Each structure stands twice: as C-alpha cells, then as structure tokens.
Amino acid sequence: MAGLELLSDQGYRVDGRRAGELRKIQARMGVFAQADGSAYIEQGNTKALAVVYGPHEIRGSRSRALPDRALVNCQYSSATFSTAERKRRPHGDRKSCELGLQLRQTFEAAILTQLHPRSQIDIYVQVLQADGGTYAACVNAATLAVLDAGIPMRDFVCACSAGFVDGTALTDLSHVEEASGSPQLALALLPASGQIALLEMDARLHEDHLEQVLEAAAQAARGVHTLLDRVVRQHVREASILLGD
Amino acid sequence: MSDTDAGRWPRLIHSEEEAATAGSVSGALAEGRASNLGLVSACSPSSSGYWRTGEGNMLEKTERVITVNAVYRCPLRVVREHYLRPCVPCNSALCSQPEYCCNVGKLLPAEVTHYMVPDSSVFDYFEILEMPELKGVIWLQTVTDALHSKRGWRYCNKLRSLLKDPSHECVLFANEYHVSCYHAREKQTLKKDWEKRIIYAAALWYYKHCGEKIPIIIVADEDSTKRYKVKSKGVYVMTFKEYLNKFYSDLEAAHNSCDFIDEALYEEKLESLEASGINYNKYLPPDILEAGLKSGRYVEGILYVNKHTKMEAFVRVQDTDQSEEDYEILIDGINPRNRALHGDRVAVKMFPESLWKRRMGADHEGYSEYVPTGHVVGITQKHKRDYIVTFPSKEDILYYSRKTKKYLAVPWDYRIPRIRISRKQAEKYQFCRAIIHIDSWDTDSRYPDGHVVGTLGTGGDLEGEMKSLLMEHDISERPFSEAQMGELPVNTAEKPWSVDHEEQDRKDLRKTHLVFTIDPKGCEDVDDALSVRTLSSGNLELGVHIADVTYFVKPKSHLDKEARARYAMSVIWELDMTTYEIKKVWYGRSIIHSTYQLSYEAAQELLDGNLSITGNIEEFQDMEEKEKEDRLQELTWAIEKLADIASHFRAQRGLDGALDLDGIEISVLLDEEKNILDLVPRQQRRIHRMVAECMILANHWVARKIYESFPRQALLRRHPPPRQNLFSELKQSAKAGGFHIDTSSNRALALSLDNAYDVSDPMVNKLLRNMATLAMSNALYFSTGSCREREFHHYGLGLDKYTHFTSPIRRYADIIVHRLLIAAIAEDKTKTELNLLSDRCLEELCDHINERHRAAKLCQRQATELFQCHFFRDKDADRDERCVADGIIYAFRDTAVQLYIPRYGIKGTANLKTKDGCVLHFGANGEKIGWVPGALWRSHKQADCVTSSGQGVTFRIFEHVTVKISVQAQQYHPNSLRLEILSKKPYLDPEARHTPKSSPSPTRELVEENSKENIPEEYRQFQQTKGESLYTLLEEMKNLAIQDISNNL
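Since the structure is predicted, the reported quantities are computational estimates derived from the model, not experimental observations. (Residues numbered from 1 in each chain as written. Chains lettered and ligands numbered in written order. Predicted model: local features only at pLDDT ≥ 70, side-chain atom pairs only at ≥ 80, totals over all residues. Heavy atoms only, no water.)

**Student:** Residues and numbers for the overall build of chain B, please.
**Tutor:** A count of helical and extended segments in chain B gives 27 helices and 40 strands. Counting all 1049 residues of chain B, 45% fall into the buried class. Within chain B, contacts between residues separated by at least 24 positions form 62% of all contacts whose residues are at least 6 apart in sequence. If you sum the accessible surface of chain B, you get close to 56800 Å²; carbon and sulfur atoms cover 51% of it. (Helix = DSSP H or I, 4+ residues; strand = E, 2+ residues; numbered from the N terminus. Buried < 20%, exposed > 50% of the residue type's maximum accessible area, 1.4 Å probe, protein only. Contact = heavy atoms within 4.5 Å. Areas by Shrake-Rupley, 256 points an atom, 1.4 Å probe, with all protein chains shown as cover.)

**Student:** Could you give an account of the nonpolar core, with specific residues and numbers?
**Tutor:** Residue and element names in this part refer to chain B. Phe516, Ile518, Trp573, Leu598, Ile639, Met690 and Leu715 are the most contacted members of the largest nonpolar core, which totals 68 residues. Top element by residues in this core is helix α18 (residues 686-709). It accounts for 12 residues. Those residues within four positions of Leu715 in sequence are excluded, and the remaining contacts are Ile706, Tyr781, Phe782, Thr803, Ala813, Ile816, Val817, Leu820, Leu842 and Cys846. Counting residues in hydrophobic clusters, the runner-up holds 63 residues, among them Val122, Ala174, Tyr200 and Val219. (Core = buried A, V, L, I, M, F, W, Y, C linked by side-chain atoms within 4.5 Å.)

**Student:** Which residues make up the sheet that holds strand β15 (residues 374-381) of chain B, and what values do they have?
**Tutor:** All names here are of chain B. The five strands are arranged β11-β10-β9-β12-β15 in an open sheet whose pairing can be described as antiparallel. A single partner strand is all that each edge strand has here, and the edge strands are β11 (327-332) and β15. With strand direction ignored, the average angle separating the axes of adjacent strands in the sheet is 40 degrees. Pairing analysis gives six bridges linking strand β10 (residues 312-317) to β11, with the strands arranged antiparallel. By the bridge assignment for β11, Glu312 is matched with Asp332. In the packing of helix α11 (residues 286-295) onto the sheet, contacts are made with β9 (298-305), β12 (345-350) and β15, and the angle to β9 comes to roughly 100 degrees. (Pairing = 2+ DSSP bridges. Axes fitted to C-alpha atoms, helices over the stretch in contact; angles between N-to-C directions.)

**Student:** So, the packing of helix α2 (residues 134-149) of chain A against helix α4 (residues 207-243) of chain A: which residues are in play, and what are the values?
**Tutor:** All names here are of chain A. Look at α2 against α4: their axes get within 11 Å of each other, and the N-to-C directions meet at 30 degrees. In terms of axis orientation, α2 runs roughly parallel to α4. In this structure, the crossing between α2 and α4 has a hand that is right-handed. Here α2 contributes Asn140, Leu144, Leu147 and Asp148 to the contact with α4, which in turn contributes Val224, Leu228, Val231, Val232 and His235. The residue inventory of the contact of α2 with α4, partitioned by class, reads six nonpolar, two polar and one charged. (Parallel < 35°, antiparallel > 145°, perpendicular 65-115°, else oblique. Left-handed = near helix turned anticlockwise from the far one by under 90°. Nonpolar A, V, L, I, M, F, W, Y, C, P; charged D, E, K, R; others polar.)

**Student:** Any chance you could break down the packing of helix α1 (residues 94-110) of chain A against α2 of chain A for me, citing the residues and the numbers?
**Tutor:** Residue and element names in this part refer to chain A. Relative to each other, α1 and α2 sit at 45 degrees, their axes nearing to 11 Å. Between α1 and α2, the angle falls in the class oblique. Here α1 and α2 pass one another in a crossing that is right-handed. On α2, the residues that touch Leu99, Gln102, Leu103, Thr106 and Phe107 of α1 are Tyr135, Cys138, Val139, Ala142, Thr143 and Val146. Considered class by class, the residues forming the contact of α1 with α2 number eight nonpolar, three polar and no charged.

**Student:** How would you explain the environment of Ile436 of chain B if you had to name every residue and give the values?
**Tutor:** Residues and elements named next belong to chain B. With respect to the helices, strands and loops of the structure, Ile436 is situated in strand β20 (residues 432-440). Look at Ile436 and you get buried, because its relative accessible area is 0%. It is 9.4 Å that separates the C-alpha atoms of Ile436 and Ala409, two residues lying 27 residues apart in sequence. With residues up to four places along the chain from it excluded, the contact list for Ile436 reads Asp386, Tyr387, Val389, Ile419, Ile421, His451, Val452 and Val453.

**Student:** I'd like to hear about helix α9 (residues 240-247) of chain B, residue by residue, with values.
**Tutor:** Of all the residues in α9 of chain B, the buried ones are Phe240, Tyr243 and Leu244 of chain B. For α9 of chain B, the angular spread of the buried residues around the axis is 95 degrees, confining them to a single face. (Arc of directions from axis to C-beta.)

**Student:** Can you break down the confidence of the model for chain B residue by residue, with the values?
**Tutor:** Residues and elements named next belong to chain B. When pLDDT is averaged across chain B, the result is 77; 80% of the residues are at 70 or more. Per-element confidence in chain B ranges from a low mean pLDDT of 31 for helix α2 (residues 34-37) to a high of 91 for strand β30 (residues 715-718). Here residues 553-563 scores under 50 on pLDDT; set against residues more than four positions off or in separate chains, the count is 10 contacts. Across residues 992-1000, where pLDDT falls below 50, the model places nine contacts with residues more than four positions away in sequence or in other chains. (pLDDT = per-residue confidence, 0-100.)

**Student:** Can you break down unusual backbone geometry residue by residue, with the values?
**Tutor:** In the segment running from Gly54 of chain A into Pro55 of chain A, the intervening peptide bond is cis, with an omega of -10 degrees. Here Pro55 of chain A lies in strand β3 (residues 46-57). Positive phi, close to 60 degrees, is recorded for Asn91 of chain B, a residue that is not glycine. With respect to the element layout, Asn91 of chain B can be found in the loop between β3 (76-84) and α3 (98-101).

**Student:** An account of a nonpolar patch on the surface is needed here, citing residue identities and associated values.
**Tutor:** Taken together, the side chains of Leu1030, Leu1034, Met1037 and Leu1040 of chain B make up a nonpolar region of the molecular surface, amounting to roughly 420 Å² of accessible area. Within the secondary structure, Met1037 of chain B is located in helix α27 (residues 1030-1042). (Patch = residues over 30% accessible without salt bridge, like charges linked within 9 Å, V, L, I, M, F, W, Y side chains within 5 Å. Salt bridge = Lys/Arg side-chain N within 4 Å of Asp/Glu carboxyl O.)

**Student:** Explain the side chain of Asp332 of chain B to me, using residue names and the numbers behind them.
**Tutor:** The topology assignment puts Asp332 of chain B in strand β11. Residue classification places Asp332 of chain B among the buried residues on the basis of a relative accessible area of 18%.

**Student:** Could you give me a rundown of the state of the cysteines, with the residues and numbers involved?
**Tutor:** With the rule as written, the count across this model stands at zero disulfides over all chains. As a non-bridged cysteine, Cys74 of chain A has Cys138 of chain A as the owner of its nearest cysteine sulfur, 9.9 Å distant. (Disulfide = S-S within 2.5 Å.)

**Student:** Could you give an account of the pattern of salt bridges, with specific residues and numbers?
**Tutor:** Residue and element names in this part refer to chain B. Scanning all chains against the criterion turns up 44 salt bridges over all chains. The partner of Asp630 in a salt bridge is Lys626, and the shortest N-O contact between them spans 3.3 Å. On the criterion of helical spacing, the pair formed by Asp630 and Lys626 is a turn pair, its members being four residues apart in helix α17 (residues 625-655). By relative accessible area, Lys626 is classed as exposed at 56%. Between Glu980 and Arg978 there is a salt bridge, and its shortest N-O distance comes to 3.1 Å.

**Student:** So what's going on with the pairing of β15 of chain B? Residues and values would help.
**Tutor:** Residues and elements named next belong to chain B. By the criterion of burial, β15 is predominantly enclosed, with six of the eight residues buried. Pairing of β12 with β15, which is carried by six bridges, proceeds in the antiparallel orientation. Residue Val348 lies in a different strand from β15, and its bridge partner there is Val376.

**Student:** Give me the lowdown on the sheet that holds strand β9 (residues 195-201) of chain A, citing residues and values where you can.
**Tutor:** Backbone-to-backbone hydrogen bonds join strands into a sheet, with any given pair of strands oriented parallel or antiparallel. Residues and elements named next belong to chain A. Here four strands make up an open sheet; going across it, the order is β7-β6-β8-β9 and the pairing antiparallel. Whereas interior strands pair on both sides, the edge strands pair on one side only; in this sheet they are β7 (168-171) and β9. When strand polarity is set aside, the average angle formed by the axes of neighbouring strands in this sheet is 25 degrees. For strand β6 (residues 158-165) and β7, the ladder comprises four bridges, and the chain directions are antiparallel. When the sheet's bridge partners are listed, Gly163 is paired in β7 with Leu170. The strands that α1 touches are β8 (184-190) and β9; relative to β9, the one it contacts most, it runs at about 165 degrees.

**Student:** Describe helix α21 (residues 762-775) of chain B, listing the residues and the values that go with them.
**Tutor:** The element α21 of chain B is extensively covered by neighbouring structure, given that 10 of its 14 residues are classed as buried. When α21 of chain B is considered as a whole, its buried residues turn out to be Met763, Val764, Asn765, Leu767, Leu768, Arg769, Asn770, Met771, Ala772 and Ala775 of chain B.

**Student:** For the packing of aromatic side chains, give the residues involved together with the corresponding values.
**Tutor:** Residues and elements named next belong to chain B. As enumerated under the stated definition, the model contains 19 aromatic pairs over all chains in all. Centroid distance Tyr115 to Tyr206: 6.2 Å. Interplanar angle 80 degrees. Geometry classified as edge-to-face. Here the residue Tyr115 occupies a position in strand β4 (residues 115-118), and Tyr206 occupies one in helix α7 (residues 191-209), the gap between them amounting to 91 residues. In terms of burial, Tyr115 and Tyr206 fall into one category: buried. With a centroid separation of 5.1 Å and an interplanar angle of 85 degrees, the aromatic rings of Phe872 and Tyr904 are classed as edge-to-face. One end of the pair, Phe872, is in helix α24 (residues 839-873); the other, Tyr904, is in the loop between β33 (896-901) and β34 (906-911), and 32 residues separate them in sequence. Like Tyr904, Phe872 is buried. Feature note: the residues Tyr115, Phe173, Trp205 and Tyr206 constitute an aromatic cluster, connected by ring pairs. Between the NZ or CZ atom of Lys158 and the centre of the ring of Tyr155, over which it lies, the distance is 5.7 Å. (Phe/Tyr/Trp six-rings, centres within 6.5 Å; stacked < 30°, edge-to-face > 60°. Lys NZ or Arg CZ within 6 Å of the ring centre and 35° of its normal.)

**Student:** An account of a positive patch on the surface is requested, with residue identities and associated values reported.
**Tutor:** A contiguous patch of positive charge on the surface is contributed by Lys150, Arg185, Lys191 and Lys192 of chain B. Along the chain, Lys192 of chain B turns up in helix α7. (Lys, Arg positive; Asp, Glu negative; His and termini not counted. Charge placed at Lys NZ, Arg CZ, Asp CG, Glu CD.)

**Student:** Got a sec to walk through the pairing of strand β16 (residues 387-390) of chain B? Specific residues and values, please.
**Tutor:** All names here are of chain B. Side-chain alternation along β16 places Tyr387 and Val389 on one buried face and Ile388 and Thr390 on a second face that is also buried. Of the strand pairs in this sheet, β16 and β20 are connected by four bridges, and their pairing is antiparallel. The residue of β20 that forms the bridge with Val389 is Ala434. Sheet analysis places β16 next to strand β18 (residues 406-411), joined by two bridges and oriented antiparallel. For Thr390, the partnering residue across the bridge sits in β18 and is Val410.

In structure tokens:
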C-alpha cells in the first residue's frame, strides 16, 4: 500500500519487527494420521500444510521411474481463501507449477533418494493463508513433513525470504513488504553445511548488495533451523512419552 | 528427555504467553485442539549484526484487522501482524533504565519543566509546534501515523526534519511497539477513541519510566481534555490554547498564529457545514429557464447576500403584476445558492412550504417566522464586475488548496466567496491588494477560479484604501476628457462670460428681485438661489432660482466681485400675504443676479437677530452706515419672511405625514498634510430647514408641472412605504424606554416620534429617529409611464408627487427634469418633444441612476467608517483622551449592547459577555474591573450581568456609559472599530461644553418661536406668567392649583 514506510527512521518495520527479526513461527508435525508424514507451520500469518506420501510405487506410467533413485513429486496448491481477495486458482496454473518445480528441486537435493530407487515420494503442500514468504513456509513445512514420514534427508532444509529496503536487508518478508516492489529473494539452505539448496530472485538488485542480502537470508534460515530442530525434538519427545519410554 | 537436555541447545527465549490472536486460523485451531496440537512457538534469537544484542527482546505477536481502501477497488479487510517488544528507546535524558532502553542520538533535555505530548487534534497548529521555543515535545508514533494519514507526506517530511534537527527539542517514541503502551483496539470503538486511549497510556508509562520526576502534558482537543482530565497524577491534559497561555504566555508569535488559525478554522467550519456535497447542480438550459419564468414556475430576481451571515442570501423579486410589494425568497446555505454571486440576476425555484426555513441574520433575532425558501436554478444575468482581494502569505497553508495547487484569495467584501488563483500570480502579488476577475466556477469545485487583472498597491494607507473603496463600488474618478472640457463655455480673466443679448426669452429679474444664496462655507458650486418680495397687490412673491445648466458656467472665482449675471430656471409663486396660500405659479427661464452670497452660519445669525455678524459678510464691507442699515433691514426681513413661509409649508406637509429624520452625518476635518484632525457631527439648524423646505416646494411644483405636460415621460421621484417588519427594533427599543411608536402611516409615525421625547435626555429622540431611518426604503427615480399614479407618493416627505430639480450641477436626474420643464413651458411643443426620452429609455436611465446613487451612498458610508478607523488607528486606545467618549445604549443583543456615540457619530456593539462565559464586572464607583465568570440575562429593556460571586450590574436602555474606542485591524477586510464599556457613568466630555447645543425638536422649536413673538404692548400688562414657555405656564398653573389658598380667604 502506498505511503506505508517499510522501514522507519528508527529501524522498525511495518509490523514492528527490526530489520533482521523473524516472524513468530509455530509448527507441528504429525497433523494427519492417514498420511505418511504431515506437518503444519505458521510463519507469522502464513500458514502452510505439508503432507508426504511415500516412498511408494510409482503411480501412473512406469516409464517415469528412475532406476537408481526415487522420484520426488511436489505439488503446490494455494487455497482460494488464502489471499485477501478470494480467488479461484485452477490446479495447473503457472505459479503452482513453478513453485512445485522449485520445491522438487529443493527436495531432490536434500532427500537421500538413492536409498529408494524406482519409487516415488509425493509431497503435497497447501497454503492456507498467504501473508508473504509462502515458498519458505512451504519448504519448512515440507521438511517437517518429510521428517515426520521418516524419509532420510541429508539435513534440514530451511528456507527464508529476504528483501532489500533503504540500504538494509530485511528478512522474512510479509505480504506488505513483498508487494512493495523492492527486490526480494528466497533462499533454501542446508544449514549444517551451509549449502544452498535453492536461491531464487525475481527482481533487480545491484550486485554490491547481493552479498548482504544473501548473508541476511542465510542467518534467518539458520534461525529457522534452530526452531525446526526444536520442533522435531519436541515431537519426538512427545511421541516417545506416548509410546512409554 | 528431560530438561537437562535444554542445556545442550542454544539458548532460546520463550515467549511466555500465547499471543492473543483474534480471529486467525491458528487461534481456532488452538482452541479446538489445544491438547493435540500444542503448538510450539519460539522467538527469534539474538546475535550480532542485524539482530539485537543483550538480553534479547521477547517479541509478542498481536494482530490488527485493518480495512484497506485501495483505489478502484472495494475496501478490503486484511489481517496484519503487530509485534510488541518490552523495550523501546524512550529517548529521554531522564531515562531510569538506560541500559535497557539503549537510547542513542537525540535525547530530550532534562532541564525542562515538563514534557509535552501532542495529540492529532493539534495538527492545525503545526506551525506553532515547529517553533524551536517549544521544548520537550514527545511525538508518539500513533500521532505521527495520524499526521501522515490526515495531512499527507508534506507534513510528514516536515516532522521528520524536525526530529532530525538538533536545535529542536523533540523526539519520537514508538509507543505502538511497546508491550506496556499498546492496547488492542476493541470491537466497536472508534479509531479516534482508541488513539486517545493509547496516547494516554503511553504518556502514563513515560511518566513512570522517567522516575516520576517530570510531568507529562498531553495537548488535545476539548473532548479528551474533559474525559482524561483528572485520571492520574503526573499526566495532565489540556487544550492547545490553554497550554500556550500557561507555559508560553509571552511567546507573541505563537499566540498570534494561534488566533489566526482559529479564525481560519472557524470560517472553514462554517463553509463546510453546507459543503458536504460539493457537487452543485447544473444550471438549467436557457430555453427551459425561459419557459419556466414565463409560466411562473421559476421567479427571477437579484441575489443579495446577507453581510452578517454569509450563509444566508435572499432574492428580491419585483412582482409588478399581481401584488404591489416586492417579496423576498430566502436562499439558505451554499448548495442552494448554486454558485451565484451577490448582485447576480438569478432564476429561483421555490421549495414547497414544508421545506421553508427561518431567517437567522444577526439583525433579526426575534424574527422567527418561516419565509419562502428556494434554490437557484440558473443565472439570467451575471453581475459583471471585478473584485478586490488580498492574498494570504505563502506560509499560510490553510489557504492553499491542496487538490489543485492554487491559492485562495480573500476578497475585500465579506459577501464574495474565496477565489482560486494560480500559484504564480498569487506569489507575485503576495502583499498587495489585487483586482481579480472571476473566470468560471465548475460544478465540482467549492470556489470559483479567477485571475489577476490589476493591483492597488499594498493595503493600509488611506489613499490605497480609498481607492479600493471606490473600486469596490465601481465609482470612477477619471477626469473629464479634453473634448468634454472643450464643450464648456469659456470664462477666464481674458474673456469673461457675459449675458448674451440675444437671449430674449428670458425674464430679467436682475433689477426687480432681491436674490440671495445660502450655502455651506467654502462651497464652490452655487446652484440655487432664493428670493422673496412683496407685490403691489399685497401678496408675497416667493422665488426659487436654479442654475440653468444648459448654459453651464464655471464656478465663480472669489476675485471677481463684479455684478455677475447668471442664467437660471425659476419657479415663482404668488402667495397670499397672511395665509400663504399659493395663488399662482410661474415657471420659466430667467436671468438673475445674486446680491448676497451668504453662508449658513451667517444667515442663521441674522435670523436669530444677531446683527453684528454683518462684519463678516463680504457684501457689507464697503458700504456706508445708512445704506448698510437699509440693506441689512431689507435682507433680514427677507430671511425672516422666508423662514416664516418655510415653516408654514413644513407644517402643511406635516399634516400629510412628513417625517423628520435627520441622518447622522459626520464631517472630517483635515489639516494641511491630509491627516485627520477631528470628526465632527453635522448640526441641523433652522436655516438649513428653511432652505430645504424651499427646495422641496420647488421640486414638488416642478413635478406637478412636468407630470401635467408629459404624463408618460416625466422623471419623478418616489419613496415607497417601508416594510413593517423592519420597524421591530425601533418599536422594541422605544417600548423599553416607555414610548409607543405607531407605524401604521407616515403621519402616525411622525406624531409618535415627536411625542417620544425624554426631557432629561434629548439624545433619546435623536436615536429613535435614527433607528426609524434604518427601516426606511430607498427613494427611487422612476418614469411615470411605468408606474401607477398612486405609487408616486413620497412617504418620507408626505407629498403625492416629487422630483429632483434643484441641483443640476451635482445630479444628472435634475438635468433631465430641467429639459422636461423647458419642454413643458415651451410654446412650440412639437420641436422639443422629440428630444425627450421615451418611457422605456427613461425607465432604464432611472434604474441606472438609482443603482449608481445606491453605490455612492454605500461608498460614502464606508468611507466614513474608513476615516473613523484611520482617526482612531494611530491613537493609543488606553491613554489618549480622544478615544474615550460618552455612549448611549439603544438596543440589547444576546451577548452585547448596541451603542451610539454622539461625539463621533459612531454606532457599534460592545460585548457584555465573552465566548467562555465571562461577564463585565464593575466596581462600586462604576469603573470597570475586568471579566469574571458569570451569567447574562437580558430583555428588551435591560441587561443584567451577574458574576459568579453574586454581584451584579444592570444596564438599562438609553443609559449613558463611558466607552473606549479602538481599532480592530483585519488582514483581508476593512478595519473595524471596537467598542468597550469602561464605566457605567456617563462621560463628561470636556469639549462638550464648548460645542453648540444640539438642535431642539420641532415642538420645542414651535414653543420657542411662539414665545419669541412680540407681544403687543397693550397685552403686556396682563402678562401673568413669569416664565417664557408654555411648559412653565402649565407648571405654574399646577403649582397654583396645589397651593393652599385657604389662608387668603
């Protein structure tokens, strides 16, 4: 919205966070009993639900099966009520496809697909409320869901978005900040090694600033990792209590 | 898994409470399946770089539901997050927890007495807040957001630069991100109330945070002040004005700005009351208008805007067909007026009776009738004129129309709305008075557009103001052109003008008549002369001779004392010697020679019998004693006879209801450098009345003659009877003073005015007469062909026909009448009749003359006010004696009294009660002490000011008080005088003893006259009354009656 200052003189953003602060993240694993793995994450007001099925036989055409590794199939869907205006999104539209592709690329890098040849792992992510950083939320949710499903991964995949306003890098952008038109990038990171699983930017940014923004995103992703780690441990703790350790 | 594991993980900070998430999905989930989900939440940890150091802040998440009004879209409701933190830098030097707050940069000083927190209602006074003298200002984030949304980025930038500027002691406190200061907005609360609550909470927190060392003052509007006034110690709420008065009472600039802003806001408020939908209706197309006017659906008339309440205007409709009276339609408000200006000829459609409104003008307080109301549907003829305006200064943002980037110029005349001028022109003529022409007024704009066509110099000096006054009334003072001057006959020392011997058809009165003129001292144009003589038949011959302007002569020089013959138009009556009945009348051209040129004062002295004045009369200078005596006797007889005749005719007119209403005329005395020395009210003496009466007689008879000869083309003058509703104030004031005024006819009015005489105070009668004058309608020139005969009546003079004949040098109408008269007396009628104006042309000419005359009168009145203001302007109102004078109360308003000051002839109002409820308080000796809170009761007869301590003072009608006169300077409009009551006692002007007595009323005069008459010798011995007048006679009789005569028996 025009007229809203993304970063005030005192260093506050629109919602009162400082430049490098993350939004409140809440997550839960194992929300769906019938799926192999599921997770629900809330990053600020962005809410994403991820469900993982697999590894299982390849459905559909056998020709697609890869002899040495598993096929990762990601689908992204955004609920019609997820944005401020209710919008009907057809299933196969461009944005969904692209995001699905990105998710696939991300997880192919992280999941140890060699362990499950000729099989398929389905990851379905649905965004229930989109308030900025949908890709990051999807990735984080999917990570948790995959972990919940017990599929081995190299490392967590933690994602965060970052932007650049007034010479400062902002992390974990909300919808207002994303819609303002400032350059923003999404980063998916494997935190232990610091390897980047996916880096995506769709705007113009001077190369001098890239380093700064990238660093901020990486920091934020590491923060997310800490959170997700905690969530997983908490989940395991609870599960083990239930099982009667 | 035990808690010891927690030690292995990096230190995380929990947020202890679950955020209060109103209406979000997770909230529902949390409630529904809290046990299952048990969402784990965490906050962002701290680290170096972009993250906060130290203990780390616990962020708490709340949500705000905001309605976003995007352009070209319906409003969206969005949910936004809002994070609160426990430490927000307070930016004060008095911070009690500096390590917690981590204040950097500019800090609020510790040495000030208080900190000020402005509210969103003080944005109007932003320029005062920008002053560096105001120290210790805390700008809350809520307030800056409100500033941004209400006033735009321009103000925001100003504020930003203020905050950065080290010389200004102001800081920003982000109260909305502080966990203790922020309250969520409850459902159904207004944004305004929520803001106020937040501001108060922030101020309270701030006070506590600074260790309760320094008080915080919130500056807000009246409502908040009342609500939050006494809630807690240390935080105070007051309005901006109070704040300024308390802490910055000596900061003149701030107070001036404040007053000016208040004024502008008030005016804006008045304007916006009606401008809720600025869309004006389009005008109807001309053919529909015409059809409507013909069929009577719409009526046409001229729009007049009420000077005192700009919102009200009315259209005066002249209904010549059905009824006799003009009636008025009220146009109440800006929208119904539909962009018509004062003076336009408009077509009006009347509302049905259910929508009729009441008039609310300041003069019509008791007037509560519903009058016909309507709205303007079209303008038939625009009043084409240019207006004088003043431009506001560049910094005056209130007059800057943000939407269109143009300036609003304020016109001199209160009745014209502000006019939009382009920025370049406004800046060029910034401090001048400019003349602008209005271009257009669109249906969707609140103000008309215009451009500058000329300037009048900077305002303030007398010359400039006179010029603007003349311009406003469209009176041109251009000198006559060369060609025009060339048409006049030559009369110089080399070629003196002399009587043309070919003029045979003029009656030569030079030898036979004693003709003299009586005029004001220093008068240059002498156009009327009088003569009276006894005829052989015993009857008297009275003559009035008017300069014959068809042979225009230059005013005579004082050097030339030779016998000067003048061409004249004469009216000569033959009167019966005793009854003064008119036997014969003769009209014609003549040649006269004026024997004496007397001044009013000299003639009055002769009339009074003071013969020593002859020393001052020029014509008597070189005469010998014997001749002097004879001549003097002749002249005195003539004057006395004239006076006698005049009073007879006056009495006759009195029977028909002539009114004696003397206007209050002021003459201004100037010295050599054109500075105003003094303002002197004019006196009306008997000699003035005499001359006036003769002129009235001449006018009347000429009217009869020309009407007789040209019943359809004569130019006469009529005075329609006044409207009864205008007499209400007069009746009220008179009744309060114990007099009854009967306004049913002019005779009744004259009689009751004569009777309304207070012996102890002659001013009362004058005042009542003056108030009667206000109710009078204007006398008009008209063409006899366009009016019915019964409308010819002149109400004020009590005559059935009247015209203007006696001053052709200064009135154009008189020249027309002269031509008519010449045509009427000519033997060969056919030749002259062709030169006369037709009825239609004459009617148009009359309209024009009437209009110019009105403008001239108005201009004269305003010029008098102008001079009055200038006279008082450079006098110190508190010290100069001339600024204090005696005043008489003649009416009561809601919070003020109306006064008349006879010394200067000023009428005005003086306040008894101020807006904030303080009334005048007087001490025991009647001297004013000051303004104290109290109440005011008023009726028509009196007003009581009672202070809250119970002491009271009463003002009665027609009471004399002492008044102080000062000038109230205005930037855009003419200055006005301000009157204040100083004391309840009448003011004894030391000079008053030297000024001549004011003239007595007619009855008094009559009594005087009769008692002055020479009582024949034989009756003198029977004279019993010791006194001189009828009054004393009656008193004596009364005393005699009461006397106890039993002793004498």
